[in-house]
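Next come the chains, spelled out residue by residue.
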Amino acid sequence: MTCDQINLRIDAVLDGDEAWTSDARAHLDTCSRCQSRVALAQGINRWLPQLPVDTPPATFTSGVMARVRRERWRAEQALDAGFNVAIAAGLLLIVAGVAGLAWSSGLIVVGADVVALMREAIAVTGAEIAPQLPTYSVAALLLTMGLGVWWWTEHANFER
Ligand SMILES: [Zn+2]
């Protein structure tokens, strides 16, 4: 048995998990270095339990967890802000690209014509609807009343 093999087993033997083999005992009887190591380990084992144990305050765990949550939340906020900025920049780039493409290909001129066409369509539709507005109003009133009666029969309690 070598000094290294003894050294590896000192803790286990002192803790009671193992016992010295006859080979180990024979080595320990003749090796002053291993004897001093065993004596040092025994001294440490006697000394450690006498050390005062600091107990953390009762709020230690909750305080640490609150701090962890706060820092995690801040990190997520920073990540979200960066993500939003990236998305906004991407959208801006897309809009600028589409606008640039439309402008360079002459679509913007057609766009102005389309807006004028839509205005004209709205004006014509309004002119056609205006004479029949009382009919539409009465129809809307009847529909609203019908829906109201339906809602009332669905939600009213008739079991009294
Ligand atoms: Zn030894």
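Residues numbered from 1 in each chain as written. Predicted model: local features only at pLDDT ≥ 70, side-chain atom pairs only at ≥ 80, totals over all residues.

Participant: Can you help me understand the overall build of the protein in this one?
Facilitator: Across its full length, the protein holds six helices and zero strands. Listing the helices and strands of the protein from first to last along the sequence gives α-α-α-α-α-α. A compact globule built from 160 residues should have a C-alpha radius of gyration of about 15 Å, whereas the protein, at 44 Å, is more than 25% larger. If one aligns the C-alpha atoms of the protein with their principal axes, the spans along those axes are about 120 × 75 × 30 Å. Burial statistics for the protein: of 160 residues in total, 2% are counted as buried. (Helix = DSSP H or I, 4+ residues; strand = E, 2+ residues; numbered from the N terminus. Rg over C-alpha atoms; globule rule 2.2 N^0.38 Å. Buried ≥ 20, exposed ≤ 12 C-beta atoms within 10 Å, placed from the backbone.)

Participant: Is there a simple way to explain the domain arrangement of the protein in this structure?
Facilitator: How big an interface is tends to be reported as the loss of accessible area on association of its parts. For the protein, the assigned domains are domain 1 (3-50) and domain 2 (56-105). Inter-centroid distance (C-alpha atoms) of domain 1 to domain 2 is 58 Å. (Domains from an automatic or database assignment.)

Participant: Sorry, what's going on with the environment of Ala 112 here?
Facilitator: You can see Ala 112 is positioned in helix α5 (residues 107-129). In this structure Ala 112 comes out as exposed when scored by C-beta crowding, with 9 C-beta atoms within 10 Å. Spatially, the C-alpha atoms of Ala 112 and Val 149 are 47 Å apart, while their sequence positions differ by 37 residues.

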